[in-house]
Amino acid sequence: FFFFFFFFSRGFSKKLEAVVSTQSTGEEVELRDKMLKALTEEVLKHRECDPDILEKKKEELITCKEAINRWTDNIFSVQSWVSSRFSIPAKTTAQNFGIPEDLDYLD
């Protein structure tokens, strides 16, 4: 469906008519080569809209989110350990280590 919409919305039929109406074989080949190159460039411009690529990006996003939450958990664990080990309030530990007050897990 995407290719049908893409080609006909970009004036593909006019380009096709130009190719068919051309009399000379050399001109026809040259025009087809130019048209093929232009269409290939258009398809590559819209490559990131490909459903497979979007699905892969979603999976990568989930992986990154899990990694961020894992590191956030590690920071909270170290902060808790330091606070309990040295009897220092968690807020003081966060200030000393430069941990922002609004640090939280991603949903």
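A brief report on the enclosed structure follows. (Residues numbered from 1 in each chain as written. Predicted model: local features only at pLDDT ≥ 70, side-chain atom pairs only at ≥ 80, totals over all residues. Heavy atoms only, no water.)

## Structural notes on the overall build of the chain
Right, on to step 1. Secondary structure summary: the chain contains five helices and zero strands in total.
Right, on to step 2. Ordered by position from the N terminus, the helices and strands of the chain form the series α-α-α-α-α.
Right, on to step 3. Every one of the 107 residues in the chain was classed for burial, and the buried ones make up 13%.
Right, on to step 4. Summing over all exposed atoms, the chain offers an accessible surface of approximately 9,100 Å²; the carbon and sulfur share of this is 60%. (Helix = DSSP H or I, 4+ residues; strand = E, 2+ residues; numbered from the N terminus. Buried < 20%, exposed > 50% of the residue type's maximum accessible area, 1.4 Å probe, protein only. Areas by Shrake-Rupley, 256 points an atom, 1.4 Å probe, with all protein chains shown as cover.)

## A short note on the pattern of salt bridges
Right, on to step 1. One pass over the full model with this rule turns up two salt bridges.
Right, on to step 2. Among the salt bridges present, the one from lysine 34 reaches glutamate 30, with a minimum N-O distance of 3.3 Å. Here lysine 34 and its partner glutamate 30 are both found in helix α3 (residues 25-45), four residues apart, which amounts to about one turn of the helix.
Right, on to step 3. Residue glutamate 42 is joined to lysine 45 by a salt bridge in which the shortest nitrogen-to-oxygen separation is 3.6 Å. Of this pair, glutamate 42 and lysine 45 both sit in helix α3, three residues apart, roughly one helical turn.
Right, on to step 4. A relative accessible area of 53% means that lysine 45 is categorised as exposed. (Salt bridge = Lys/Arg side-chain N within 4 Å of Asp/Glu carboxyl O.)

## A look at unusual backbone geometry
Right, on to step 1. With a phi angle near 55°, serine 87 is a residue other than glycine that sits in the positive phi range.
Right, on to step 2. Within the fold, serine 87 resides in the loop between α4 (51-86) and α5 (90-97).

## With respect to the packing of α4 against α5
Right, on to step 1. Axis separation between α4 and α5 bottoms out at 9 Å; the angle between their running directions is 120°. With respect to their mutual orientation, α4 and α5 come out oblique. The hand of the α4/α5 crossing is right-handed. Residues Gln79, Val82 and Ser83 of α4 form the contact with α5, whose own contacting residues are Ala90, Thr93, Ala94 and Phe97.
Right, on to step 2. Looking at the contact of α4 with α5 residue by residue, the classes come out as four nonpolar, three polar and no charged. (Axes fitted to C-alpha atoms, helices over the stretch in contact; angles between N-to-C directions. Parallel < 35°, antiparallel > 145°, perpendicular 65-115°, else oblique. Left-handed = near helix turned anticlockwise from the far one by under 90°. Contact = heavy atoms within 4.5 Å. Nonpolar A, V, L, I, M, F, W, Y, C, P; charged D, E, K, R; others polar.)

## Observations regarding the packing of aromatic side chains
Right, on to step 1. A complete count under the given rule lists two aromatic pairs for this structure.
Right, on to step 2. Note on phenylalanine 76 and tyrosine 105: the rings are 5.5 Å apart at their centroids and 70° apart in plane angle, and the pair reads as edge-to-face. Pair noted here: phenylalanine 76 is in helix α4 and tyrosine 105 is in the segment after α5, with a separation of 29 residues, a long-range link.
Right, on to step 3. Under the relative-accessibility criterion, tyrosine 105 is labelled partly exposed at 35%.
Right, on to step 4. Between tryptophan 81 and phenylalanine 86 the ring centres are 6.1 Å apart and the planes differ by 85°, which places this aromatic pair in the edge-to-face class. (Phe/Tyr/Trp six-rings, centres within 6.5 Å; stacked < 30°, edge-to-face > 60°.)

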